[in-house]
Amino acid sequence: MLKALARPLDRLELAEEWALTLVRDMFATLEHAGGVGLAAPQVGVSVRVILAGSFPTPLAPDRPLVPTSALINPRVVWASAETEPAWEGCLSFLDYRVRVVRPRSVRVDYLTPEGTETRIEASGFYARVLQHEIDHLDGILTLDRAASPEDIESAPTPTSES
Ligand code: NI
């Protein structure tokens, strides 16, 4: 499931009970785990639904506060040429963190759970969470993005997981 290509949802499906339940359950799972993002394949459902948010922490007080929201069929439509590395955790792999180089800013098109077409531009940590979650929809894990063994470290203390 984690290595599979997840399928998009159409607007009609969005209103179906199972889809509403999926999103609700994902919010509950993320809140319980204390994470910053979650993708449907991580809860065993291979559809293109993610949750993502950003908030300041004692270790990263400069992170923007972006309330966690659900994005349906999210698509990166633009990415900055500028990239940066950062350590990423993942709720599906709590034992290690991976240093991943990603574009610093992205524009993402998606549907809200209500079916409204939306575009956002995100930078820094929020952009990273979005890219990490969209990777999950394409079966791409942080380990797949490690450039060398030095980019993988064990993580006894979970930090920001997605
Ligand atoms: Ni993850």
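Up top is the structure these notes are about.
Here's what I pulled together on the structure shown here. Nothing here was measured: the structure is a model prediction, and the numbers come from that model. (Residues numbered from 1 in each chain as written. Predicted model: local features only at pLDDT ≥ 70, side-chain atom pairs only at ≥ 80, totals over all residues. Heavy atoms only, no water.)

1. Observations regarding the nonpolar core
Core analysis: the largest hydrophobic core is formed by 18 residues, its most contacted members being Ile-50, Leu-71, Val-108, Ile-120, Tyr-126 and Leu-130. The set of elements that each furnish at least two residues to this core consists of β2 (49-54), β6 (105-111), β7 (117-123) and α3 (124-137). With seven residues, α3 is the single largest residue contributor to this core. Beyond its immediate stretch of four places on either side in the chain, Leu-71 contacts Arg-48, Val-49, Ile-50, Ala-52, Val-108, Tyr-110, Leu-111, Ile-120 and Leu-130. By size, the runner-up hydrophobic cluster in this structure holds 15 residues, among which are Met-26, Ala-40, Ala-70 and Leu-91. (Core = buried A, V, L, I, M, F, W, Y, C linked by side-chain atoms within 4.5 Å. Buried < 20%, exposed > 50% of the residue type's maximum accessible area, 1.4 Å probe, protein only. Helix = DSSP H or I, 4+ residues; strand = E, 2+ residues; numbered from the N terminus. Contact = heavy atoms within 4.5 Å.)

2. A closer look at α3
Compared with an ideal rise of 1.5 Å per residue, which puts 14 residues at 20 Å, α3 spans 21 Å between its outermost C-alpha atoms and is within 8% of the ideal. Immediately downstream of α3, the backbone of Gly-139 shows phi near 75°, a positive value. (Expected span 1.5 Å × (residues − 1).)

3. Focus on the environment of Glu-84
Examined against the element boundaries, Glu-84 turns out to sit in strand β4 (residues 83-90). Note: C-alpha distance between Glu-84 and Gly-124 (40 residues apart in sequence) is 8.8 Å.

4. Considering the environment of Val-45
Topologically, Val-45 is positioned in the loop between β1 (37-39) and β2. With relative accessibility at 25%, the residue Val-45 sits in the partly exposed group. Sequence spacing of Val-45 and Met-1 is 44 residues, and the spatial spacing of their C-alpha atoms is 7.7 Å. Beyond its immediate sequence surroundings of up to four residues, Val-45 is in contact with Met-1, Trp-18, Leu-22 and Ala-40.

5. Quick look at unusual backbone geometry
Glycine aside, a negative phi is what most residues show, and trans is what most peptide bonds show. Phi is positive for Asn-73, which is not a glycine, with a value near 50°. Along the chain, the position of Asn-73 falls in strand β3 (residues 66-79).

Keep in mind these values describe shape, not function.
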